[in-house]
Amino acid sequence: GQNIDQPTEMTATEGAIVQINCTYQTSGFNGLFWYQQHAGEAPTFLSYNVLDGLEEKGRFSSFLSRSKGYSYLLLKELQMKDSASYLCAVLLNDYKLSFGAGTTVTVRA
Amino acid sequence: GAVVSQHPSWVICKSGTSVKIECRSLDFQATTMFWYRQFPKQSLMLMATSNEGSKATYEQGVEKDKFLINHASLTLSTLTVTSAHPEDSSFYICSATIREPYEQYFGPGTRLTVT
């Protein structure tokens, strides 16, 4: 089976920085995705890492270390609208996505 | 671009009836479509992979006779939940890929409630 672990919940203050970690042990690897999902809505794409290193996109950055089976999503300058669930997903060798359970981020004023 | 729609967005049905959910890629031809199920406060679980013109591939533990998938064209896949039971109540989400299969575009989801 596939093992993708991420914390269940995180809380942070508006304007702060939050880092969501994801560790994985999967039977194959073709890249790692981060998605944002608001309650009752479909996931929306945030980032895709296939090579080691940091990818920066505005207030969101994602890091990957394939040797360590580790990724993180960094959210800077948190806004209230960033309150959502963040899903880590590994693209397997058959191009199916295996999702972690998601991290619910709550941003407080 | 790369918009995926689902219909209906929500549906309530009685136990024992069947429900059909449509997934359409609006501005592209999807080589593959995926169907996921998500229970409250849980992550997405892949149910099946659907390719146009061929039989769907179901994940372990998913009953193919209960969840019928028809991928009639490169822009339409349907999921029919047959003889629905209350435990089938869930959020069903489809996704579609274009030429490069690593990028999946998700539909807005269908909330199914079986009474």
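Just above, that's the structure.
As a starting point, this report considers the structure included with it. As the structure is a computational prediction, the values presented were derived from the model and not from experiment.

## Section: the interface of chain B and chain A
Across the contact, 19 residues belong to chain B and 16 residues belong to chain A. Summed over the shared surface of chain B and chain A, the number is one salt bridge. For Lys96(A), the salt bridge identified is with Glu59(B), shortest N-O distance 2.6 Å. Here chain B is connected to chain A by three residue pairs in polar contact (both at pLDDT 80 or more). Those elements that place two or more of their residues in the side of chain B that touches chain A are β4 (32–38), β5 (45–51), β9 (90–97) and β10 (104–106) of chain B. Broken down by element, the residue count for the side of chain B that touches chain A peaks at three residues, all from β4(B).

## Overview of the pattern of salt bridges
One pass over the structure, following the stated rule, counts seven salt bridges over all chains. Note that Asp82(A) and Arg59(A) form a salt bridge whose closest N and O atoms lie 2.8 Å from each other. Here Asp82(A), found in the loop between β8 (70–75) and β9 (84–91), pairs with Arg59(A), found in the loop between β6 (53–57) and β7 (60–65); they are 23 residues apart in sequence, far enough to count as distant. For the pair formed by Asp82(A) and Arg59(A), the shared burial category is buried. Among the ionic pairs, Glu22(B) bridges to Arg24(B), the shortest N-O distance being 3.5 Å. Since its relative accessible area comes to 25%, Glu22(B) is described here as partly exposed. What you see here is one network of salt bridges that share partners, running through Asp94(A), Lys96(A) and Glu59(B).

## Some thoughts on the sheet that holds strand β3 (residues 18–25) of chain A
Each strand in a sheet pairs with another by means of backbone hydrogen bonds, the pair being arranged parallel or else antiparallel. Residue and element names in this part refer to chain A. Read across the open sheet, the five strands follow the order β1-β3-β8-β7-β6; overall the sheet is antiparallel. In the strand order of this sheet, the two ends are held by β1 (3–5) and β6, each with one partner. Averaged over all pairs of adjacent strands, the angle between their axes in this sheet comes to 15 degrees, without regard to strand direction. Bridging between β1 and β3 involves three bridges; their strand directions are antiparallel. Residue Asn3 lies in a different strand from β3, and its bridge partner there is Gln25.

## A look at the state of the cysteines
Applying the stated criterion across every chain yields a total of two disulfides over all chains. With its sulfur 2.0 Å from that of its partner, Cys22(A) forms a disulfide with Cys88(A). With the S-S bond torsion at -70 degrees, the cross-link from Cys22(A) to Cys88(A) turns out left-handed. Remark: Cys88(A) occurs in strand β9 and Cys22(A) occurs in strand β3; sequence separation between them is 66 residues. Residue Cys22(A) shares its accessibility class with Cys88(A), and that shared class is buried. Paired through a disulfide, Cys23(B) and Cys94(B) show a sulfur-sulfur distance of 2.0 Å. Of note, the bridge from Cys23(B) to Cys94(B) carries an S-S torsion of about 80 degrees and is right-handed in sense. Here the residue Cys23(B) occupies a position in strand β3 (residues 19–25), and Cys94(B) occupies one in strand β9, the gap between them amounting to 71 residues. The pair formed by Cys23(B) and Cys94(B) is uniform in burial state, with each residue classed as buried.

Definitions and cut-offs
Residues numbered from 1 in each chain as written. Chains lettered and ligands numbered in written order. Predicted model: local features only at pLDDT ≥ 70, side-chain atom pairs only at ≥ 80, totals over all residues. Heavy atoms only, no water. Contact = heavy atoms within 4.5 Å. Salt bridge = Lys/Arg side-chain N within 4 Å of Asp/Glu carboxyl O. Polar contact = N/O pair within 3.5 Å; in protein donor to acceptor, adjacent residues only side chain to side chain. Helix = DSSP H or I, 4+ residues; strand = E, 2+ residues; numbered from the N terminus. Buried < 20%, exposed > 50% of the residue type's maximum accessible area, 1.4 Å probe, protein only. Pairing = 2+ DSSP bridges. Axes fitted to C-alpha atoms, helices over the stretch in contact; angles between N-to-C directions. Disulfide = S-S within 2.5 Å.

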